[in-house]
Amino acid sequence: MEAFATELRRWRSSRRVSQLELANRAGTTQRHLSFMEQGRSRPGRGIVVRLAESLELSLRERNSLLLAAGYAPLFPESPLDEPMLRPIRDALDDILQGHMPYPAVVVRPYGELVAANAALDLLTEGAAPELLEPPLNVLRLALHPKGLAPRVLNLPEWGRHIVESLRGRLVRSPDPRLDAFVAELESYVPDAVPGPGHLGFAVPLRLRCGETELRLLTTLTSFATAVDVTLAELQLEAFLPADESTAAYLRARFR
């Protein structure tokens, strides 16, 4: 039970939750939780599920906690080409197409591209071929000096916004893979000193296209009620024009 005890302590610490608070959330006693964290008590499958839910773990993280406790994973992880996921893929295609003439992408964790609409050309234009090879990573493409970065007029602010969003994920769900990736992305971002107009949570993308400056905002959508690991980890990122001139340019370019 040492593996489970270690994981439980790690997650409780990363979530900054006391033993008493977690015990109350999971419907158990602080004493029982303490014994589990010390490896002195073997947890039942039900309490492991409740603890994972109370810690607000992702479906993948819940499966990992179950495995550490010696139980089979609860949530399936289906390949996207699985026939049972065909309705989801069709729905995503409809959403992507319906968002035209504005760019939209579906990505896995850490920015790996799953699907995109034709307006993705706006973001890949002029990028080095090696950055566009599968699996294309949209975050690396966005900040790499051979990718979108030379065309981003507010790269320090926009790049910092991306990096800080990932760092927030690191605080919530520590992952050595994400550590290395964030460090790589951060190395591409110039230093920035926030000015009086700094928005922080809502940094628009100012993108140069020839002689035109486009201003784009992004929205993120996830499958919050998914019970499949693959679907739960997908995220739809949709770009929206922040002004009428940007909307007019995109309508003309992708009509």
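In this report, the structure presented in the accompanying data block is examined. (Residues numbered from 1 in each chain as written. Predicted model: local features only at pLDDT ≥ 70, side-chain atom pairs only at ≥ 80, totals over all residues. Heavy atoms only, no water.)

Turning our attention to unusual backbone geometry. Put simply, Met-100 and Pro-101 share a cis peptide bond, and its omega is 15°. Checked against the element boundaries, Pro-101 lands in the loop between helix 6 (86-98) and strand 1 (104-107). Of the consecutive residues Pro-134 and Pro-135, the connecting peptide bond is found in the cis state with omega at -5°. With respect to the secondary-structure elements, Pro-135 resides in the loop between helix 7 (121-124) and helix 8 (138-143). The phi torsion at Glu-56 lies on the positive side, around 55°, for a residue other than glycine. Tracing the chain through its elements places Glu-56 in the loop between helix 4 (45-54) and helix 5 (59-68). Its identity as a non-glycine residue notwithstanding, Tyr-110 has a phi of 70°, on the positive side. Among the structural elements, Tyr-110 can be located in the loop between strand 1 and strand 2 (113-116). (Helix = DSSP H or I, 4+ residues; strand = E, 2+ residues; numbered from the N terminus.)

Moving on: the pattern of salt bridges. Applying the stated criterion across every chain yields a total of 16 salt bridges. Between Arg-12 and Glu-37 there is a salt bridge, and its shortest N-O distance comes to 2.5 Å. One end of the pair, Arg-12, is in helix 1 (residues 2-15); the other, Glu-37, is in helix 3 (residues 30-37), with 25 residues separating them in the sequence. Each member of the pair, Arg-12 as well as Glu-37, carries the same accessibility label: buried. (Salt bridge = Lys/Arg side-chain N within 4 Å of Asp/Glu carboxyl O. Buried < 20%, exposed > 50% of the residue type's maximum accessible area, 1.4 Å probe, protein only.)

On to the environment of Ala-224. Examined against the element boundaries, Ala-224 turns out to sit in the loop between strand 4 (212-222) and helix 11 (229-233). For Ala-224, a relative accessible area of 74% corresponds to the exposed category. Distance from Ala-224 to Ser-78, taken between C-alpha atoms, is 17 Å for residues 146 residues apart in sequence.

On to helix 3, then. Looking only at helix 3, the buried set comprises Leu-33, Ser-34, Met-36 and Glu-37. Projected down its long axis, helix 3 carries its buried residues within an arc of 160°, all on one side. Lining the buried residues of helix 3 we find helix 1, helix 2 (19-26) and helix 4. Once helix 3 finishes, Gly-39 follows within two positions and takes phi at roughly 75°, a positive value. (Arc of directions from axis to C-beta. Contact = heavy atoms within 4.5 Å.)

This is a description of form; function is not addressed.
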